[in-house]
Amino acid sequence: MARMTQRRKIHRFHLDDTGTGHPVRVKEDLLAAEEPLEIRINGTSFAVTMRTPGDDFDLVAGFLVSEGVVHHASELIALRFCAGALDREQTFNVVDAQLHPEVALPDTKRNVYTSSSCGICGTESIDAVRKTQHFDTSLHPVHIPLDVLAALPERLREAQAVFDRTGGVHAAGLFHVNADGPELLCLREDVGRHNAVDKVVGWALREGLLPLRGTILQVSGRASFELVQKAALAGIPVLSAVSAPSSLAANLAAETGMTLVGFNRGTSLNVYTGRERVPRLRQEVIIPA
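Residues numbered from 1 in each chain as written. Predicted model: local features only at pLDDT ≥ 70, side-chain atom pairs only at ≥ 80, totals over all residues. Heavy atoms only, no water.

Caption draft 1: Focus on the environment of Arg7. Examined against the element boundaries, Arg7 turns out to sit in strand 1 (residues 5–12). For the pair formed by Arg7 and Lys27, sequence separation is 20 residues and the distance between their alpha carbons is 10.0 Å. When residues no more than four places from it in sequence are discounted, the contact partners of Arg7 are Glu28, Asp29, Leu30 and Arg165. (Helix = DSSP H or I, 4+ residues; strand = E, 2+ residues; numbered from the N terminus. Contact = heavy atoms within 4.5 Å.)

Caption draft 2: Molecular detail of the sheet that holds strand 6 (residues 94–99). In spatial order, the strands read 4-3-6-5; together these four strands make up an open sheet with mixed pairing. Both edges of this open sheet fall to strand 4 (44–51) and strand 5 (76–81), since each of them pairs with a single strand only. Between one strand and the next, the sheet's axes are offset by a mean angle of 20 degrees, whatever the strand orientation. Most of the contacts of helix 1 (residues 56–66) go to strand 5, to which it runs at about 135 degrees, and overall it touches strand 3 (35–41), strand 4, strand 5 and strand 6. (Pairing = 2+ DSSP bridges. Axes fitted to C-alpha atoms, helices over the stretch in contact; angles between N-to-C directions.)

Caption draft 3: Inspection of the packing of helix 1 against helix 4 (residues 193–206) at higher detail. Axis separation between helix 1 and helix 4 bottoms out at 6 Å; the angle between their running directions is 90 degrees. When the axes of helix 1 and helix 4 are compared, the pair comes out roughly perpendicular. Residue-level contacts link Phe57, Asp58, Leu59, Ala61, Gly62, Phe63, Val65 and Ser66 of helix 1 to Asn195, Asp198, Lys199, Val201, Gly202, Trp203, Leu205 and Arg206 of helix 4. Its residues placed into classes, the contact of helix 1 with helix 4 shows eight nonpolar, four polar and four charged. (Parallel < 35°, antiparallel > 145°, perpendicular 65-115°, else oblique. Nonpolar A, V, L, I, M, F, W, Y, C, P; charged D, E, K, R; others polar.)

Caption draft 4: Spotlight on helix 2 (residues 146–158). Bending of helix 2 peaks at approximately 35 degrees at the position of Leu152, with proline Pro153 no more than four residues after it. Taken together, the buried positions of helix 2 are occupied by Val148, Leu149, Ala150, Leu152, Pro153 and Leu156. Close packing links the buried residues of helix 2 with strand 7 (170–178), strand 8 (181–190), strand 9 (215–219), strand 10 (238–241) and strand 11 (259–262). (Bend = angle between axes of the 7 residues up to and from the residue. Buried < 20%, exposed > 50% of the residue type's maximum accessible area, 1.4 Å probe, protein only.)

By themselves, these are just geometric observations and shouldn't be taken as functional.
Now the structure itself:
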């Protein structure tokens, strides 16, 4: 966890009733790290994204799924760290993805970096924002009891080790629903919510699990268009967020046959699309073989 966090000296103030700050304490605080990562495809620079170091191979693999470049583990031959172009030093901030020769290289190239708050910034055209969906999420017969769905944010929060230390990262957790309840398959944290999702999807790609039928993606922030698209491209049928979805996110979820849940706070939640996957009673649930 060393590169995922950084220590910094701070001045801590406590305000009294008059608004005066005292006493001043000098102490160390732990911050979530944020560094650039250059993504190369077959040696050619493709994009730069701001991220929290850690699980970088998962991040790159998931990013390539989100860009519609790869869809199966066999299409990604290898991932390796490369030295920087200027100083030739190994900073572990450059990853090269070697693709199978039969994989069509992307037509577009990110011409600016992707910030930690935006996963589609730098796309060259509006048309390039929408990616072709290769997995049909509308056919996935997963059913999630309402109480199980409502418990996922707390399950996610309990597993957030970096957030516990810094309070400054998003999380994405992939759950599988079985007869005994939800099973956490993978959790990733990052300063960017889209990066956290890419890391989860990348882990699944490298494990040969795509499409992710019968799974739920629980995220710690809001449900934006880009997160719904990333989930759809990975074949995830259910996306649940603790905050609000956008109108475009809801439209895309409905179009792709996904179940979209927002404001999942443990005691209440909103189902925006795919209500049929969320029965009110456990007796209504039929878990497919």
